[in-house]
Amino acid sequence: MTDTLSAYRKTLPYIHEWVSYKVWQLRVPGVQVAIGFGGEVLFDEAWGYADVEAGRRLTTTDLFRIASHSKTFTATALLQLAERGSLRLDDTVGTYVPALVDGGSLLADATIRELMEMGAGVIRDGHDGDYWSLLRPFPDEQELLALVLDRGQKVPTGSSFNYSNLGYSLLGLVIAAVSGRSYNDFVRESITEPLGLRNTGPDWDPTRADDFVIGYTGFHTARQRQRIDHVDTHAMAAATGFHGTASDLVKYFSQHVIGAGSLLDDHSSDSRSARPGAPPTTWPPAATAPGSSSTASEAATSAATRAGSPGTSRSRCSTRHPDSSCPS
C-alpha cells in the first residue's frame, strides 16, 4: 500500500497542471477536484470563480449541485433499508406507492430492483420536461405521480435499459413510505450525517445560499455564459437534487469500496443482490452525474465538480439541463 500511495502522490503535481490548463483552455468558470486513497483525501483544490461577476474566488468548500450523483444516495438508502429488513428489493413499487395501483399503472408491478437498475421502462422525464429548462418548477409529489400515470411506461418492465429520472424520483417516495421520514430527512440521518458530510445535502438549501457556486450556461447556447438560478427539485430530489463538494464526494464514494465502508455491508456494496440472470448492476448506479465526474475503486476515489446548478452537464460544462451534454 505504501508504494501505491507514493505512486499516487507523485502524480498529483501533474494533475494540478493538467486541470489548470483545461480550466484556461475551456474557459470554465470554476472547478473543484479531490482525490482520495485508503480513506485519506490526498488532493483537494479549486480553480476559478464561484461567482464570476462578483469576482468571488472558488474554494474547496463552495457547494455545487451534483445532479445525478443524487441517484447513488437513493440507491444506498434503499440498500440500507433492505439490510434492515424494512423492504425487499423484489417488492413491487405499488406496495409502497399505492397511487400507482389506484391509477392502474403497470409500473405498480415493477420491483424496486427494476427501478434501481433502470429496467422498469419508465419514461425519462415526462412528455415535455420543461422543468429542466426552469420554465416551470420541478414537480411536487402529486405532479410527479401525474407525470408517471400519464403514459409513464414507454416499454415493458424488464425489456431493456431505459434511463429515467422519474423512476428514481418514485424510489424517493418508496424511501419516505418505508422509513416514515421524508426522503430528505432519511438520507441526512442515514448517510450524510453519519459520514460527517457537512457540505452535502439532498436539495437546494436557501440558508446556505452564499455558499453555493453560481451555475452558468454552456457556450452551445450563446457566446457568453448566462447565470442560472438555483431551484428546489421537490419530489425529484432523489434523482437530481443533491449538492456537495469534491472532497465530500470522495469521502462518500470511498464508503462504497469493498471492505472499507461503513454505510453498507460488503454484500450490498458489491451489488451482488441482483436477481439471477439479470444484467450486472454497476456501482455506483447511474454514478456519472451531470456537472461532476467521479470514479470509485479499491485503489482510489476521485471527484471533480464544475460550476453549475441542478442544470450542469455530464461533460463538465454548465447547462440548464441536468442530464444533457454540451460541447466546450
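Residues numbered from 1 in each chain as written. Predicted model: local features only at pLDDT ≥ 70, side-chain atom pairs only at ≥ 80, totals over all residues. Heavy atoms only, no water.

Attention now goes to the pattern of salt bridges. As enumerated under the stated definition, the model contains 14 salt bridges in all. The shortest N-O distance in the salt bridge between Asp203 and Arg65 comes to 3.1 Å. With Asp203 in the loop between helix H7 (183-192) and strand S5 (215-216) and Arg65 in strand S4 (residues 64-65), this residue pair connects regions lying 138 residues apart in the sequence. Residue classification places Asp203 among the buried residues on the basis of a relative accessible area of 6%. The exposure class of Arg65 is buried, given its relative accessible area of 0%. With a shortest N-O distance of 3.5 Å, Asp91 and Arg88 are connected by a salt bridge. You can call Asp91 buried: its relative accessible area is 16%. Salt bridges sharing common partners tie together Arg181, Asp185, Arg188 and Glu189. (Salt bridge = Lys/Arg side-chain N within 4 Å of Asp/Glu carboxyl O. Helix = DSSP H or I, 4+ residues; strand = E, 2+ residues; numbered from the N terminus. Buried < 20%, exposed > 50% of the residue type's maximum accessible area, 1.4 Å probe, protein only.)

All right, on to unusual backbone geometry then. One non-glycine residue, Arg27, lies in the positive phi region at around 55°. Of note, Arg27 is situated in the loop between helix H1 (2-26) and strand S1 (30-37). We classify Arg27 as exposed; its relative accessible area is 56%. The phi dihedral of His234 falls on the positive side, at around 50°, and the residue is not glycine. Given the relative accessible area of 40%, His234 is considered partly exposed.

Summarising burial for helix H9 (residues 246-254): eight of the nine residues are buried, a large majority. Looking only at H9, the buried set comprises Ala246, Ser247, Asp248, Leu249, Val250, Tyr252, Phe253 and Ser254.

In this section: the packing of aromatic side chains. Per the stated rule, a full pass over the model turns up 10 aromatic pairs. Among the aromatic residues, those joined into a ring-pair cluster are Phe73, Phe242, Tyr252 and Phe253. The lysine or arginine in question, Arg57, covers the ring of Tyr49, its NZ or CZ lying 4.6 Å from the ring centre. Lying across the ring of Phe219, Arg225 places its NZ or CZ 4.1 Å from the centre. (Phe/Tyr/Trp six-rings, centres within 6.5 Å; stacked < 30°, edge-to-face > 60°. Lys NZ or Arg CZ within 6 Å of the ring centre and 35° of its normal.)

Put simply, the protein has an average pLDDT of 85, and 81% of its residues get 70 or more. Counted against residues more than four places away or in other chains, residues 272-300, with its pLDDT under 50, gives 80 contacts. The low-confidence segment residues 311-328 (pLDDT under 50) makes 76 contacts with residues lying over four places distant or belonging to another chain. (pLDDT = per-residue confidence, 0-100. Contact = heavy atoms within 4.5 Å.)

Let us look at the environment of Gly126. The topology assignment puts Gly126 in the loop between helix H4 (112-116) and helix H5 (141-149). A residue is classified by how much of its surface remains accessible, and Gly126, at 16% relative accessible area, is buried. When the C-alpha positions of Gly126 and Gln153 are compared, they lie 9.9 Å apart, and in sequence the two are 27 residues distant. Excluding residues that lie within four positions of it along the chain, Gly126 makes contacts with Tyr131, Leu147 and Leu166.

Once that is clear, we can look at the pairing of S1. Taken across its eight residues, S1 has eight buried, putting it largely inside the fold. Of the two faces of S1, the one holding Gly30, Gln32, Ala34 and Gly36 and the one holding Val31, Val33, Ile35 and Phe37 are both buried throughout. Pairing of S1 with strand S2 (residues 40-51) involves eight bridges; the strand directions are antiparallel. Residue pairing in the sheet places Ala34 in a bridge with Asp44 of S2. In sequence, S1 turns back onto S2 through a hairpin of two residues, with Gly38 there showing a positive phi of about 60°. (Pairing = 2+ DSSP bridges.)

On to the nonpolar core, then. Counting residues in each nonpolar core, the largest one holds 55 residues, and the members touching the most others are Ile112, Met116 and Leu166. Those elements that place two or more of their residues in this core are helix H2 (70-83), H4, H5, helix H6 (165-179), H7, helix H8 (237-240) and H9. Element by element, the count of residues in this core is highest for H6, at seven residues. Residues contacting Leu166, with those up to four places away along its chain left out, are Val122, Ile123, Arg124, Asp125, Gly126, Tyr131, Leu144, Leu147, Val148 and Met236. Val19, Leu26, Val33 and Phe43 belong to the second-largest nonpolar core, a separate cluster that totals 13 residues. (Core = buried A, V, L, I, M, F, W, Y, C linked by side-chain atoms within 4.5 Å.)

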